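# Summary of structural features
Residues per chain, in single letters:
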Amino acid sequence: MQVEATSVERNIRRWLERAVIGLNLCPFAKAVYAKNQVRIVISDASTEAALLEQLGEELVLLRDTPADQVDTTLLVHPQVLQDFLDYNDFLDQADALIDAMDLEGVLQVASFHPDYQFADTRPDDAENLTNRAPYPTLHLLREDSVARAVEAYPEPDAIIERNVATMRELGVEGFRKLLAN
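Procedures and definitions
Residues numbered from 1 in each chain as written. Predicted model: local features only at pLDDT ≥ 70, side-chain atom pairs only at ≥ 80, totals over all residues. Heavy atoms only, no water. Phe/Tyr/Trp six-rings, centres within 6.5 Å; stacked < 30°, edge-to-face > 60°. Pairing = 2+ DSSP bridges. Helix = DSSP H or I, 4+ residues; strand = E, 2+ residues; numbered from the N terminus. Axes fitted to C-alpha atoms, helices over the stretch in contact; angles between N-to-C directions. Contact = heavy atoms within 4.5 Å. Buried < 20%, exposed > 50% of the residue type's maximum accessible area, 1.4 Å probe, protein only. Right-handed = clockwise from strand over helix to strand, strands pointing away. Patch = residues over 30% accessible without salt bridge, like charges linked within 9 Å, V, L, I, M, F, W, Y side chains within 5 Å. Areas by Shrake-Rupley, 256 points an atom, 1.4 Å probe, with all protein chains shown as cover. Salt bridge = Lys/Arg side-chain N within 4 Å of Asp/Glu carboxyl O. Lys, Arg positive; Asp, Glu negative; His and termini not counted. Charge placed at Lys NZ, Arg CZ, Asp CG, Glu CD. Core = buried A, V, L, I, M, F, W, Y, C linked by side-chain atoms within 4.5 Å. 1 Å grid on protein atoms, 1.4 Å probe; cavity = no way out; pocket = protein on both sides within 12 Å on 5 of 7 lines; lining within 4 Å. Points joined across faces, edges and corners; volume = space filled by probe spheres on them. Nonpolar A, V, L, I, M, F, W, Y, C, P; charged D, E, K, R; others polar. Polar contact = N/O pair within 3.5 Å; in protein donor to acceptor, adjacent residues only side chain to side chain.

### A short note on the packing of aromatic side chains
In the structure shown here, the tally under the stated rule is four aromatic pairs. Among the aromatic residues, those joined into a cluster by ring pairs are Phe-84, Tyr-87, Tyr-116 and Phe-118.

So this is what it looks like as structure tokens:
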């Protein structure tokens, strides 16, 4: 798994650098990435139960670590929840865990998946690309960091519209080329 973990992390970093930061899909990502405040965890979980347990551990770590050390965490899980519908269902368990740990309003989970599909879209619609990552990924965010970033950003509601326009212009094939070695 070590060799694969290295490859997985390399692909995730490529996605972060070329798509998320490079296309400015998340205008808040560049600063925390440049400061090495993004924790990337390549999970070896092969079951949903193991992933949920690891998610709980990462939520505790993020809660208990100062933001200037780790502001956000990417929990990448290449061996479980490959099917998008299963992944999407799992997000309810992730939210329930946050609630059970009394972290609602403190931490949240954003979702990324290679086959991400928003409701009422077709699989090949360009807007789905905004949430596509090379592997299923749970993005753990601090609510206060999100609030500060949104407050400091002019017209945060325009981010989604701009991202969809960017992805429509780039297209599915352009996105694949962007992430290619």
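### Overview of the sheet that holds strand S2 (residues 72–76)
Ordered in space as S1-S2-S4-S3, the four strands form an open sheet in which the pairing is mixed. Of all strands in the sheet, those with a lone pairing partner are strand S1 (38–42) and strand S3 (107–112), marking the two edges. Averaged over all neighbouring strand pairs, the angle between strand axes comes to 20 degrees, with direction disregarded. Note that S1 and S2 share five bridges and pair parallel. If you follow Arg-39 over to S2, its bridge partner there is Thr-73. On top of the sheet, helix H4 (residues 84–100) reaches S3 and strand S4 (137–142); it is set at about 170 degrees to S3, its chief contact.

### A look at the pairing of S1
A regular strand places its side chains on the two faces of the sheet in alternate fashion. Here S1 lies mainly inside the structure; four of its five residues are buried. Taking the sense of rotation as the criterion, the β-α-β connection linking S1, helix H3 (residues 48–64) and S2 turns out right-handed.

### Some remarks on a negative patch on the surface
Side chains of Glu-48, Asp-83, Asp-86, Asp-89, Asp-92, Asp-95, Asp-99, Asp-102, Glu-104 and Asp-115 sit close together on the surface and give a patch of like negative charge. For the negative patch, the element with the most residues is H4, which contributes five residues. By the secondary structure assignment, Glu-104 is in the loop between H4 and S3. Using a relative accessible area of 60% as the deciding quantity, one classes Glu-104 as exposed.

### Observations concerning unusual backbone geometry
Most of the time, phi is negative for any residue but glycine, and the peptide bond is trans. Phi angles above zero are rare outside glycine, and Asn-36 is one such case at about 55 degrees. Residue placement: Asn-36 occurs in the loop between helix H2 (29–34) and S1.

### A word on the nonpolar core
In terms of nonpolar packing, the biggest core is built from 27 residues, with Ile-12, Trp-15, Leu-16, Ile-40, Leu-74, Val-76 and Phe-175 touching the most fellow members. For this core, the secondary structure elements donating two or more residues are helix H1 (2–21), H2, S1, S2, S3 and helix H6 (158–179). For this core, the element with the most residues is H1, which contributes eight residues. If near-sequence neighbours (up to four positions away) are discounted, Leu-74 is found in contact with Ile-12, Trp-15, Leu-16, Val-38, Arg-39, Ile-40, Val-41, Thr-137, Leu-138 and His-139. Membership of the second largest hydrophobic core comes to 23 residues, among which are Leu-62, Val-70, Leu-97 and Leu-138.

### A word on the layout of surface pockets
Each pocket or cavity is described by its volume, and for the largest pocket that value is around 1,200 Å³. Together, 44 residues line the largest pocket, and Cys-26, Phe-28, His-139, Leu-141 and Val-146 are the ones closest to its centre. Those elements that provide at least two residues to the lining of the largest pocket are H1, H2, S2, S3, S4, helix H5 (143–152) and H6. The element that contributes the greatest number of residues to the lining of the largest pocket is H5, accounting for six residues. When the residues that make up the lining of the largest pocket are grouped by side-chain class, the tally is 28 nonpolar, nine polar and seven charged.

### Things to note about the side chain of Thr-65
Inspection of the secondary structure assignment puts Thr-65 in the loop between H3 and S2. Setting aside residues up to four positions removed in sequence, Thr-65 forms contacts with Val-70 and Arg-142.

### Quick word on the side chain of Gln-37
By the element assignment, Gln-37 lies in the loop between H2 and S1. The class for Gln-37 is buried, based on a relative accessible area of 10%. At 2.9 Å, the side chain of Gln-37 and the backbone oxygen of Asp-68 are in polar contact. Excluding residues within four positions of it along the chain, Gln-37 makes contact with Val-32, Ala-67, Asp-68, Gln-69, Val-70, Asp-71 and Thr-72.

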